[in-house]
Amino acid sequence: MKIAIVGYKKQEKFTQGVTNDEDADLLKFLTGKGLDVVPVIWNDENVDWASFNVAIIKSPWDYHNHLPEFLNWLNQLKKLNIRVLNPVEIIRWNSHKKYLKDIAENGLPVIASAYIDKGSDFDGRFFDLFGTDRVVVKPCVSAGAHNTVVVTKDNLKERTEEIRQFLTTEDYMVQPFTEEIKNGEWSFLFFNGQYSHCSLKTPKQDDFRVQHYHGGSISYPTPDPIHIEQAGIFLKNLPQPTLYARVDGVLINNSFTLMELELIEPYLFLNGNIDLLENYYRALMDLIS
C-alpha cells in the first residue's frame with residue numbers, strides 16, 4: 001500500500017515560530033513502522049496520483065488561496081478511488097465557515113456567527129445583533145487570521161470601507177469579540193475519534209490572534225477531563241470517521257465553546273513525541289487496515 005502525505009510548496013510565513021517540522025517527524029515515524037509513505041505537494045503537476053492507494057491531507061496550508069483548484073483536485077483523487085483522509089466530503093464541508101452554522105443548529109455550543117455574502121455591505125447592525133460593542137470580521141475561507149479585523153463602534157467608519165473592499169472578492173463572517181480569548185484558545189486533538197492530547201495558544205499582550213506568527217505562545221497544560229469530553233462531542237455528528245480532528249475553542253464559564261473545527265490541515269502539535277506519533281499511527285492503521 002502506497003501512501004501520500006500531502007503538503008504544499010512551503011512558505012516561511014506559515015512555518016515561522018514552529019519548533020518541529022511535524023511533517024518530517026511524521027514521515028520518519030511512519031516509514032519506521034514499515035509503511036510506504038511519500039511526501040507530495042497537492043498541486044504538483046508531476047505527481048502520479050494514480051500510483052497511490054491512500055492520500056493523507058496533512059498540510060496543504062495554502063489551500064484557502066486556491067480553493068476551487070483544491071476542491072477539484074480532491075474530486076480527482078476520489079475518481080481515482082484513492083482513500084482520502086480526511087474524507088473529501090468532510091473537507092469540502094469544512095472549507096467554508098458556514099459549517100459552524102450547521103454545528104450550532106445541532107444544538108452545540110459555538111461562538112455566535114453571522115454571514116455576509118460576497119458583494120454585500122457591512123454596517124453597524126451586528127453590534128445590535130450580538131449585543132456587543134466589538135465584533136470580529138473574517139473571511140469564510142481562510143487560515144491564520146488572514147484579513148481578520150476587530151471592529152468597534154469607535155472605528156466602524158474607518159473599517160467599513162476596508163471590509164467592503166474585502167467583500168468584493170469573497171464571503172465573510174461576523175462574530176462577537178470573545179473576551180475569553182485573552183485566556184487562550186484550547187486545541188484538543190483527536191485521532192479516529194479518540195482523544196490524544198491538547199495545547200493552549202495564548203495571544204500576546206493587547207492582541208487577539210493566537211497564531212505563533214502573530215506573536216502568540218503555546219503551552220501544554222493538563223486539561224480538565226470534562227473539557228475533553230465537551231470537545232469530543234463535536235465529532236459525534238460527522239458522517240464519516242476522520243483520521244485527525246483539532247477542536248479549537250475557549251472556556252466560557254468553565255465550559256468549552258467551539259471556535260473552529262479543524263478538519264483539513266491543522267498543525268497537530270505532535271512535537272516529535274513518540275507517544276503522540278503512535279496515537280496517530282494506530283488511528284491510521286485502524287482506518288486503512
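In case you missed it, the structure is sitting above this.
Residues numbered from 1 in each chain as written. Predicted model: local features only at pLDDT ≥ 70, side-chain atom pairs only at ≥ 80, totals over all residues. Heavy atoms only, no water.

Peer 1: Mind laying out the pattern of salt bridges, listing which residues take part and the relevant values?
Peer 2: What the rule picks out here adds up to 17 salt bridges. Note that Arg 164 and Asp 121 form a salt bridge whose closest N and O atoms lie 4.0 Å from each other. Taken together, the residues Arg 164 in helix α7 (residues 156-166) and Asp 121 in the loop between β5 (114-116) and α6 (125-130) connect sequence positions 43 residues apart. Close ionic contact of Arg 159 with Glu 162 constitutes a salt bridge, the shortest N to O distance being 2.6 Å. With a gap of three residues between them, Arg 159 and Glu 162 both fall in helix α7, about one helical turn apart. On the basis of relative accessibility, which here comes to 23%, the residue Arg 159 falls in the partly exposed class. Taken together, the shared-partner salt bridges in this structure form one network comprising Glu 185, Lys 201, Arg 246 and Asp 248. (Salt bridge = Lys/Arg side-chain N within 4 Å of Asp/Glu carboxyl O. Helix = DSSP H or I, 4+ residues; strand = E, 2+ residues; numbered from the N terminus. Buried < 20%, exposed > 50% of the residue type's maximum accessible area, 1.4 Å probe, protein only.)

Peer 1: Explain the sheet that holds strand β6 (residues 134-139) to me, using residue names and the numbers behind them.
Peer 2: Strands sit in the order β5-β8-β6-β7 across an open sheet of four strands; the sheet is antiparallel. Two strands in the sheet have a free side with no partner beyond their single neighbour: β5 and β7 (149-152). Shown here is a sheet whose adjacent strand axes are inclined to one another by a mean of 30°, direction ignored. Where α7 meets the sheet, its contacts fall on β6, β7 and β8 (172-176), and the angle it forms with β7 comes to roughly 140°. (Pairing = 2+ DSSP bridges. Axes fitted to C-alpha atoms, helices over the stretch in contact; angles between N-to-C directions. Contact = heavy atoms within 4.5 Å.)

Peer 1: Got a sec to walk through the sheet that holds strand β4 (residues 83-85)? Specific residues and values, please.
Peer 2: Strand order in this open sheet of four strands is β2-β1-β3-β4, and the pairing throughout is parallel. The sheet terminates laterally at β2 (36-41) and β4, the two strands that pair on one side only. Across the sheet, the mean angle from the axis of one strand to that of its neighbour is 25°, orientation sign disregarded. For strand β1 (residues 2-7) and β2, the ladder comprises six bridges, and the chain directions are parallel. Within the sheet, the bridge partner assigned to Gly 7 lies in β2 and is Ile 41. Helix α3 (residues 67-79) rests against β1, β3 (54-57) and β4 of the sheet, and its axis sits at about 155° to β3. Packed onto the sheet, helix α9 (residues 274-288) meets β1, β3 and β4 and runs at close to 150° relative to β4.

Peer 1: Can you lay out the pairing of β7 for me, pointing to particular residues and giving the numbers?
Peer 2: Moving residue by residue along a regular strand, the side chains alternate between the two faces of the sheet. Here β7 shows two buried faces, one formed by Val 149 and Val 151 and the other by Val 150 and Thr 152. Note that β6 and β7 share four bridges and pair antiparallel. Within β7, the residue paired with Val 137 across the bridge is Val 149.

Peer 1: How would you explain the packing of helix α2 (residues 22-32) against α9 if you had to name every residue and give the values?
Peer 2: Between α2 and α9, the shortest axis-to-axis distance is 10 Å and the interhelical angle comes to 65°. As for the relative orientation of α2 and α9, their crossing is right-handed in sense. Between α2, through Asp 25, Leu 26, Phe 29 and Leu 30, and α9, the contact on the second element is made entirely by Ile 274, Leu 277, Glu 278, Tyr 280, Tyr 281 and Leu 284. Of the residues contributing to the contact of α2 with α9, the split by class is eight nonpolar, no polar and two charged. (Left-handed = near helix turned anticlockwise from the far one by under 90°. Nonpolar A, V, L, I, M, F, W, Y, C, P; charged D, E, K, R; others polar.)

Peer 1: If you had to explain the environment of Phe 177 to someone new, which residues and values would you point to?
Peer 2: Inspection of the secondary structure puts Phe 177 in the loop between β8 and β9 (185-191). With a relative accessible area of 12%, Phe 177 lands in the buried category. For the pair Phe 177 and Ile 41, spaced 136 residues apart in sequence, the C-alpha separation works out to 36 Å.

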